[in-house]
Amino acid sequence: MTRSRAFTMIELVLTVSLTVIVLVAVSGTYVFASVRLSDAYTKSSLYDQIGGIADRIQATVRNADTCATRDGGSTLVCGMPIDGVDTDGDGYKDMYYPDGVDSQGNGTYTIGDSVWFYNADLTGVYGSGSGYVWRAERSNSATVAAGDIDRSFAYYENRILRYPLVNSVTFTVNLAAKTVTFTITGSTRIGEETSAGATDATNSRTLSLTRTVEWRN
Amino acid sequence: MEELKRRGSVALIALIMVVATAAVALAMVSLSGSVRTKQIRLQDRRMVQDAFDGGVDYVHDMAERGVLRLPQTVNLTVGNVQESLALTDVSSVAVSLLGVSVTVGTPSISINGTLTYRGETYRMQQIIGRGLLSTVWQYAIYDDSSISTLSTVSTGSSGYQGDAWFNGSVTLLNGSSHIRGNLTSTGLIVDLGAVDGVETTNSPSITFPNPSNSTYSAAATVSLPNNSVIHGYSFSAATATGYPLIYCSGAATISGNFTGSGVIFVDGAVTIDGNIATSVGSHLVIIGNANVSLSSSATSLYAYIYCGGTFSTGNAGTTRSIIGGLVASKITLVDGLSSSFDSLVVSNPSEAYNLKLPGVWP
């Protein structure tokens, strides 16, 4: 009677096989879900970072007196009004007001600082390469130097990159319409489908945003 | 017993994996929801910012058309965003820009916007140039009626000093007429003379003020009876309520030299029987609720003149000159009229209030 309760070989193999199948299925689902979660999080970050830069460029252009491109459209230089206040405490003016009026009472704005958006490498030095988007501001129209980099734009707590997923920005200026059209591109490789010897490029996580903004009239 | 334990262990591992997968799935759902909410909020914020920019452009347009009154609240809808824009004159007072106090020092308007979109309230702020003020007191000649005349009509220099505005059609048949600023009409314009500035037809109207005699009477520093004659006067200094006010309860005859700034309110017909002059830096305002007529010897008038009835020149064979401004319900000319606007009340709105200009004061 005691021996009759033992497993047969077939029972054992069947049990082990079913267990392995269940474990593989559950593990696969877990890995898949984890990757998707990570992918979703990264895409969300990418969206936030591109949107964040777009909002900063838009706010700058909307307040600018004039805008021009350099370096074939990879750099934007905006002349900002001389009078304004820093309302967010980052050390740079962000709300401007007129310093005069014309004969019809419309506000007039003398150009003060120039704000640059440009592509550069990880150092942020203008002309150093590409791969990241930077902002710099200086009190005259000369080319920006390393000391002019807006570190509060580029970093959290002056050390953690704020927009690491954003790769490039390009600009087009329409002087007649007083508009700036910019395209920001960012990407991440997380979640990309790959197989041995090939990459599924159609699933690469690249996002571009194009926006047209009118500057101050 | 050993096999049972093993089977139990396998089941436990499977259970843990199922729970972990479920947790990851729940996290995904939660993350997806929060990301979506965040994106919607960002999009809403951008939508509201764009709507506010549209509202600011609307105020710009009002300022350029000269239909602003300050302070004023402008309510409008841009897309699905409800906007309430509170406009205040911050030309010479400190203003708080999101908590940072600043004195702009130029003629400016602060726009404080309260915007509502999908149940959320947003507050935004911007400062722009003040533009043209929307009172009738920004023209060399403001006529609340149509005009058709063979007499010459001329205005001062370009800009404020030379603008003329007519509520109705304009027919200036004298080729010597010369509007040196903008000529604006709510109707059509036929002008055989010259217009240096912009000629605008079918313009939106501006409200013609109707001053209350009881309000002016209550504020009077001097009260005079009907048929008073005021041949010059020396006004005392301004007080917290503005410049001194002489109130006539009936018709009055006015001319002469005036010292200091002040106001004469006449609740009846006004006859100007000679020239009017003011001391340097002083300004005189004559407010007539009825007709204002110029005798033949009244050729040079330094005053802001408001006429609630008909302003008429009579026939002296010479051009009548006004330095200040003329605001009339109707203008009837026999002699030529030349008017040059004194822009004091535009460049310094508080003076318009102190001088108790109808439509500005009280």
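Residues numbered from 1 in each chain as written. Chains lettered and ligands numbered in written order. Predicted model: local features only at pLDDT ≥ 70, side-chain atom pairs only at ≥ 80, totals over all residues.

### Observations regarding the overall build of chain B
When its secondary structure is counted, chain B shows four helices and 27 strands. Expressed as a percentage of contacts within chain B between residues at least 6 apart in sequence, the contacts between residues at least 24 apart total 42%. (Helix = DSSP H or I, 4+ residues; strand = E, 2+ residues; numbered from the N terminus. Contact = placed C-beta atoms within 7 Å.)

### Brief notes about the overall build of chain A
Across its full length, chain A holds two helices and 15 strands. Burial analysis of chain A (217 residues in total) assigns 28% to the buried set. Contacts spanning at least 24 positions in sequence make up 50% of the contacts within chain A whose residues lie at least 6 apart. (Buried ≥ 20, exposed ≤ 12 C-beta atoms within 10 Å, placed from the backbone.)

### Focus on the pairing of strand S22 (residues 270-278) of chain B
Residues and elements named next belong to chain B. As defined by bridge partners, strand S20 (residues 252-259) adjoins S22 across six bridges and the pair is classed as parallel. Considered in S22, the bridge of Gly256 is made with Ile276. Here three bridges tie S22 to strand S24 (residues 292-294), and the two strands are oriented parallel to one another. Its bridge partner being in S24, Val270 is matched across the sheet by Val292. (Pairing = 2+ DSSP bridges.)

### With respect to the sheet that holds strand S2 (residues 75-81) of chain A
Residues and elements named next belong to chain A. Strand order in the open sheet formed by four strands is S1-S2-S7-S8, and the pairing between neighbours is antiparallel. Because the sheet does not close on itself, it has two edges, and the strands there are strand S1 (66-70) and strand S8 (132-138). In this sheet, adjacent strand axes meet at a mean angle of 20 degrees when their direction is disregarded. Bridge count between S1 and S2: five bridges; the pairing is antiparallel. Note on S2: the bridge partner recorded for Arg70 is Thr75. Relative to the sheet, helix H1 (residues 9-63) contacts S1, S2, strand S7 (111-120) and S8, its axis offset from that of S2 by approximately 50 degrees. (Axes fitted to C-alpha atoms, helices over the stretch in contact; angles between N-to-C directions.)

### Here we look at the sheet that holds strand S6 (residues 120-129) of chain B
Residues and elements named next belong to chain B. Strand order in the open sheet formed by four strands is S1-S2-S5-S6, and the pairing between neighbours is antiparallel. Single-partner strands in this sheet number two, and they are strand S1 (72-78) and S6. On average, each strand axis in the sheet is tilted by 20 degrees relative to the strand beside it, whichever way the strands run. Sheet topology note: the strand S5 (residues 108-117)/S6 ladder contains ten bridges and is antiparallel. Paired with Thr116 across the bridge in S6 is Thr121.

### Concerning the confidence of the model for chain B
Do not read the fine detail of predicted coordinates wherever pLDDT is low. All names here are of chain B. With 92% of its residues at a pLDDT of at least 70, chain B reaches an overall mean of 85. Mean pLDDT in chain B bottoms out at helix H3 (residues 344-347), which sits at 75, and peaks at strand S21 (residues 262-266), which reaches 95. Taken together, the chains of this predicted complex give a pTM of 0.59 and an interface ipTM of 0.72. (pLDDT = per-residue confidence, 0-100.)

### Observations regarding the environment of Ile57 of chain A
Along the polypeptide, Ile57 of chain A turns up in helix H1. The sequence separation of Ile57 of chain A and Val180 of chain A amounts to 123 residues, and the corresponding C-alpha distance is 9.5 Å.

### Re the interface of chain B and chain A
Taken together, the 37 residues of chain B in the interface contact 32 residues of chain A. Here the side of chain B that touches chain A takes 21 residues from helix H1 (residues 2-65) of chain B, the largest share from any one element. Along the lines of polarity and charge, the residues of the side of chain B that touches chain A split into 23 nonpolar, nine polar and five charged. (Nonpolar A, V, L, I, M, F, W, Y, C, P; charged D, E, K, R; others polar.)

### A look at H1 of chain A
Relative to the 81 Å expected for 55 residues at 1.5 Å per residue, H1 of chain A spans 80 Å between its end C-alpha atoms, a close match to the ideal helical length. Of the residues making up H1 of chain A, those classed as buried are Leu46, Gln49, Ile50, Ile53, Ala54, Ile57, Gln58, Thr60, Val61 and Asn63 of chain A. (Expected span 1.5 Å × (residues − 1).)

### Points about the pairing of S2 of chain A
Across the seven residues that make up S2 of chain A, a large majority, six, are buried. The turn linking S1 of chain A back onto S2 of chain A is made up of four residues, and Asp71 of chain A within it adopts a positive phi angle of 55 degrees.

### Quick word on the nonpolar core
One broad trend across soluble globular proteins is that nonpolar side chains are buried collectively. With 64 residues, the main nonpolar core has Val263, Ile264, Phe265, Val285, Ile286, Ile305 and Leu357 of chain B as its most contacted residues. Counting residues per element, this core draws most heavily on strand S25 (residues 300-312) of chain B, at seven residues. Counting 57 residues, the second-largest nonpolar core is a separate cluster that includes Tyr96, Tyr97 and Tyr126 of chain A together with Leu115 of chain B. (Core = buried A, V, L, I, M, F, W, Y, C linked by C-beta atoms within 7 Å.)

### Details of the environment of Asp143 of chain B
Residues and elements named next belong to chain B. Position of Asp143 relative to the elements: it lies in strand S7 (residues 141-143). Sequence separation of Asp143 and Ser329 is 186 residues, and the distance between their C-alpha atoms is 5.8 Å. What Asp143 contacts, discounting residues up to four positions off in sequence, is Phe166, Asn167, Ala328, Lys330 and Ile331.

### Comments concerning the environment of Gly100 of chain A
As for its position among the elements, Gly100 of chain A is in strand S5 (residues 100-101). Separated by ten residues in the primary sequence, Gly100 of chain A and Thr110 of chain A have C-alpha atoms spaced 8.3 Å apart. Excluding its chain neighbours within four sequence positions, the residues that come into contact with Gly100 of chain A are Thr108 of chain A together with Thr106 of chain B.

### Some remarks on unusual backbone geometry
All names here are of chain A. Of note in the backbone geometry, Glu157 takes a positive phi value of approximately 50 degrees without being a glycine. Checked against the element boundaries, Glu157 lands in the loop between strand S9 (155-156) and strand S10 (160-161). Even without being glycine, Lys178 reaches a positive phi, approximately 55 degrees. Along the chain, Lys178 falls in the loop between strand S11 (166-174) and strand S12 (179-188). Overall, the presence of 17 C-beta atoms within 10 Å leaves Lys178 in the partly exposed class.

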